[in-house]
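The primary structure of each chain is shown beneath.
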Amino acid sequence: MDKNNGSKEESGIQSVLHEERVFSPPPESSSRSPRWLINSKEEYERLYEESISDPATFYGRIASELSWFTPWKTVLEQKSAGSVLDTEWFVGGTLNLCYNGADRHVEAGFGDDTALVWESEPLNEDGSPEVRTLTYRDLQEQSARLGAALKDLGVQKGEIVTIYMGMVPELAISLLACARIGAAHSVIFGGFSAQAIADRIEDAQSRVVITADGLFRRGKIVPLKEKVDEAIDTLGASSVEHVISLTRCKNATAHQKRDHDYHSLLERFQDTPCPCEPLGAEEMSFLLYTSGSTGKPKGIQHSVGGYLVHAYLTAKYVFNLIPDSGQTFWCTADIGWITGHTYILYGILPNRVPTLLYEGAPDFPEKDRLWDIIERHQVTQFYTAPTAIRAFMKWGDEFPKRRDLSSLQVIGSVGEPINPEAWIWYYETIGAGKCPLVDTYWQTETGGHVITPLPGVTPTKPGSCAHPFFGIDAAVVDRTGREVAPNEGGLLVIRKPWPGMLRGVYGDRKRFLETYWSTVTIDGEPVYTAGDGARKDDDGYFWIMGRIDDVINVSGHRLGTMEIESALVSHSAVVEAAVVGMPHEVKGTGITAFVTLSPQEAERTGNLEALRDKIREHIAKEIGSIAKPDSIRFTDALPKTRSGKIMRRLLRDIASGKEEIAQDTSTLEDFSVLADLKEQDSS
Ligand code: WT7
């Protein structure tokens, strides 16, 4: 292990540029892992070469490790040689996600093995949490009951069921039940507001919603069904005919005619057969809404066959999953994000390694909760986000030091670039310097990892996500599609099709084409543009430099600035608003809102602090707490160009407290605005 001390500079890109440390993977003899699935550079290179030059053979071999009802006729069909867009995968094949996660293991004799381990947030009187263990047979039976119930409510193959729940086993069952009967699910993260639910339900035209009376977070109850009711009854989600609600928190809401109690409903379908529906590989498996640079969230649409192959393959090699070797995999993300879809459920279950689900907050009742969970469940793979890692660092080493973390084999990071300081802390304090750290780059749109180290082979550099995964032809290019020189920044693109790629933006072909397929063309063919800036260093390592559109990444989740701005101006006191990202110690990027008030509001010399709080609450209500601005600055005017465009880059500099504004201000309409802005008090 070569360990030079790199730069200690604080902020993302600067310190990353100076990072020179390299950590070799521990050799098998000294590693805690039973073995590395890929343990030599030669083997890795041979497989990567094959995956790029002969994807049909490579992916065909991987896909045959999964279960198909009808075999595919062709592995991939491109529209024309060299095209990426609209490639179809495993054409002619039929399969089912739930079957691959549950039933096939039961049929192979592993029905009594642990599939999912769940731990509650609230503790019993003796201080122990509630732990539930579900076997593959449990997943099969429970998804069949709920599947049969959904069918009884008239749910058809291809229709979209909306799910809005906390992290309980029934959430996992709900996704699997939809998959089982061939309905697509649209999971909405439990932190989103009634308005966000209404928008998503309306876009998906869901007739059925599965929810719960609430979820537990830091000992408090966060209501869920209440918000679903509000979305339906007052915010116009009028397509909904049935609401299935799980009782988790004894937080009853008014009963509506459309309501069904989760458990009573399932009782009725104890013995109703509900086999897994064979689905065409290219049919829709699920939608997941993500923010874009315009106000409306995009329903990212995934397939069945390609998605499953990509999820399974990446989970296997990036986390080194080996069935029957005593592993327990834990991803701390919420199932409401793509990370949870792919690396709590669909990628992990088919690999037949138990997956852990934790209900609550990392600091409840104490800041050692996660480490306590790792110790008690002997977790072997731990996958979390940089924002969480920075919070752990801040809380202090004493908390992880209290627990035995020696079961860990591989640790992972996802969601945003991880700063070298946090990387090193994670590697040393949690991984004891003995576990490969995989910094996995991917997106809701890519379905699974696309650039990542492999634990047994890739020497890692703190802050870099290393190399493209098998089958991924990633490159850093300029607007003309030419690769830029080493260490030069450019646009991150993917030049060949991969199976997990998104199949569309639900109901909006135009937006799909504009967002992902119109920035860069190579040899006349549009290539996939991720919307991130990146550079490759002299050793071919990728370094992600962040979003290039009007999207900010807060705590590993993308928020469209437009979306927050429209929520801001919907507050009666606000006339105009501009939202930008700024460096934030824990979240990575925080939100600064520049706000001009209505003349009436501005005249009242009232309490600005109280107004800030009100505006923050308003945002929480409109979008969710995650979008609350960290800082709100009131201003008489926003800096604009002569054509009336808000100069965001300028605001970004101001928000990050840059003394000198380096931007070109020659098009700024009114210079006094700038001086005023810099003087405004902020909070
Ligand atoms: C955006 C995708 C993929 C699941 C979590 C977020 C950023 C993600 C990394 C990483 C640098 C990363 C990118 C990407 N991102 N992982 N390892 N290093 N940046 O999913 O909400 O779809 O966001 O997150 O900017 O485009 P998402």
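Because the structure is a prediction, the values reported are computed rather than measured.

**Q** Could you give me a rundown of the sheet that holds strand β21 (residues 474–477), with the residues and numbers involved?
**A** Taken in spatial order, the four strands of this open sheet run β21-β22-β26-β27, and their pairing is antiparallel. The strands lining the two open edges of the sheet, one partner per strand, are β21 and β27 (542–547). Neighbour-to-neighbour, the strand axes of the sheet open up by a mean angle of 45°, direction not taken into account.

**Q** If you had to explain the packing of aromatic side chains to someone new, which residues and values would you point to?
**A** As enumerated under the stated definition, the model contains 37 aromatic pairs in all. Ring centres of Phe382 and Tyr426 lie 6.5 Å apart, and the angle between their planes is 65°; on these two criteria the pair is classed as edge-to-face. Of the two residues, Phe382 sits in strand β18 (residues 381–384) while Tyr426 sits in helix α15 (residues 420–430), which places them 44 residues apart along the sequence. No difference in accessibility class separates Phe382 from Tyr426, as the two residues are buried. Here a set of aromatic residues connected by ring pairs shows up, and it is made of Tyr44, Tyr48, Phe58, Tyr59, Trp68, Trp72, Trp89, Phe90, Tyr317, Phe469 and Phe470. Looking at Arg352, its charged tip hangs above the ring of Phe110, at a distance of 3.4 Å from the centre. Stacked on the ring of Trp395, the Lys or Arg Lys367 has its end atom at 5.7 Å from the ring centre.

**Q** Explain the sheet that holds strand β30 (residues 574–584) residue by residue, including any values.
**A** Remark on secondary structure: sheet strands pair via backbone hydrogen bonds, oriented parallel or antiparallel. Pairing is mixed in the open sheet, where three strands are placed in the order β30-β31-β32. Each edge of the open sheet is held by one strand with a lone partner, namely β30 and β32 (631–634). Each strand of the sheet is rotated relative to its neighbour by a mean of 25°, with strand direction disregarded. Note that strand β31 (residues 588–597) and β32 share four bridges and pair parallel. Bridging from a neighbouring strand, Ala593 pairs with Ile632 of β32. Its contacts with the sheet put helix α19 (residues 608–622) on β30, β31 and β32, and the angle it makes with β32 is roughly 125°.

**Q** An account of the site of the ligand is requested, with residue identities and associated values reported.
**A** Taken together, the neighbourhood of the ligand is formed by 18 residues, with Asp439, Thr440, Thr444, Asp532 and Arg558 sitting nearest. At 2.5 Å, a side-chain N or O of Asp532 approaches an oxygen atom of the ligand. Here the ligand, which alone exposes 550 Å², has 97% of that area covered by the protein. Sorting the residues of the shell around the ligand by element identifies α11 (338–346), β20 (437–440) and β27 as the ones contributing at least two each. Residues of the shell around the ligand, tallied by class, amount to six nonpolar, seven polar and five charged. Counting residues domain by domain, the shell around the ligand receives three or more from each of domain 1 (2–92 + 440–544) and domain 3 (552–679).

**Q** Go over the environment of Arg482 with me, naming the residues and quoting the values.
**A** With respect to the helices and strands, the residue Arg482 is situated in the loop between β21 and β22 (490–494). With 400 residues separating them along the chain, Arg482 and Gly82 place their C-alpha atoms 16 Å apart. Here Arg482 is in contact with Val476 and Val477, once residues within four sequence places are set aside.

**Q** Lay out the packing of helix α13 (residues 386–395) against α15 with the relevant residues and their values.
**A** Across the interface, α13 lies against α15 with an axial gap of 10 Å and an inter-helix angle of 70°. In terms of axis orientation, α13 runs roughly perpendicular to α15. For the pair α13 and α15, the contacting residues are Ile389, Arg390, Phe392 and Met393 in the first and Glu421, Ala422, Trp425 and Tyr426 in the second. Taken together, the residues of the contact of α13 with α15 break down into six nonpolar, no polar and two charged.

**Q** Can you tell me about the confidence of the model for the chain, naming the residues and giving the values?
**A** Mean pLDDT for the chain: 91, with 93% of residues reaching 70 or above. Contacts of residues 1–17 to residues separated by more than four positions or lying in other chains number 27 contacts, the stretch itself having pLDDT below 50.

**Q** So, unusual backbone geometry: which residues are in play, and what are the values?
**A** In this model, Phe364 is joined to Pro365 through a cis peptide bond whose omega is -5°. Note on placement: Pro365 falls in the loop between β17 (355–358) and α12 (369–377). The backbone of Phe90 shows a phi angle near 55°, a positive value even though the residue is not glycine. Structurally, the position occupied by Phe90 is in strand β2 (residues 88–91). With a relative accessible area of 0%, Phe90 lands in the buried category. In this model, Gln378 sits at a positive phi of 50°, which is unusual for a non-glycine residue. Counting through the fold element by element, Gln378 comes out in the loop between α12 and β18. Take Gln378: its relative accessible area is 43%, and that puts it in the partly exposed class.

**Q** Can you explain the side chain of Gln140? Please cite residues and give values.
**A** Following the sequence through the fold, Gln140 ends up in helix α5 (residues 136–152). Other than its neighbours up to four places away in sequence, Gln140 contacts Ala102, Asp103, Val106 and Arg180.

**Q** If you had to explain the environment of Ile322 to someone new, which residues and values would you point to?
**A** Locating Ile322 in the fold gives a position in the loop between α10 (305–319) and β16 (329–331). A relative accessible area of 8% places Ile322 in the buried class. On a C-alpha basis, the gap between Ile322 and Gly336 in space is 26 Å, while along the polypeptide they are 14 residues apart. In this structure, Ile322 is in contact with Pro34, Arg35, Leu37, Gln327 and Val353, ignoring residues within four places of it in sequence.

**Q** Residue-level account of the pairing of strand β26 (residues 528–536), with values.
**A** Most of β26 sits out of view: eight of its nine residues are buried. One ladder, built from four bridges, connects β22 with β26; its direction is antiparallel. Residue pairing for β26: Leu491 is matched across the bridge by Gly533. Pairing of β26 with β27 involves five bridges; the strand directions are antiparallel. Across the sheet, residue Lys536 finds its bridge partner in β27, namely Phe542. Hairpin connection of β26 to β27: five residues between the antiparallel strands, including Gly540 at a positive phi of 80°.

What counts as what
- Residues numbered from 1 in each chain as written.
- Predicted model: local features only at pLDDT ≥ 70, side-chain atom pairs only at ≥ 80, totals over all residues.
- Heavy atoms only, no water.
- Pairing = 2+ DSSP bridges.
- Helix = DSSP H or I, 4+ residues; strand = E, 2+ residues; numbered from the N terminus.
- Axes fitted to C-alpha atoms, helices over the stretch in contact; angles between N-to-C directions.
- Phe/Tyr/Trp six-rings, centres within 6.5 Å; stacked < 30°, edge-to-face > 60°.
- Buried < 20%, exposed > 50% of the residue type's maximum accessible area, 1.4 Å probe, protein only.
- Lys NZ or Arg CZ within 6 Å of the ring centre and 35° of its normal.
- Contact = heavy atoms within 4.5 Å.
- Near = heavy atom within 4 Å.
- Polar contact = N/O pair within 3.5 Å; in protein donor to acceptor, adjacent residues only side chain to side chain.
- Areas by Shrake-Rupley, 256 points an atom, 1.4 Å probe, with all protein chains shown as cover.
- Nonpolar A, V, L, I, M, F, W, Y, C, P; charged D, E, K, R; others polar.
- Domains from an automatic or database assignment.
- Parallel < 35°, antiparallel > 145°, perpendicular 65-115°, else oblique.
- pLDDT = per-residue confidence, 0-100.

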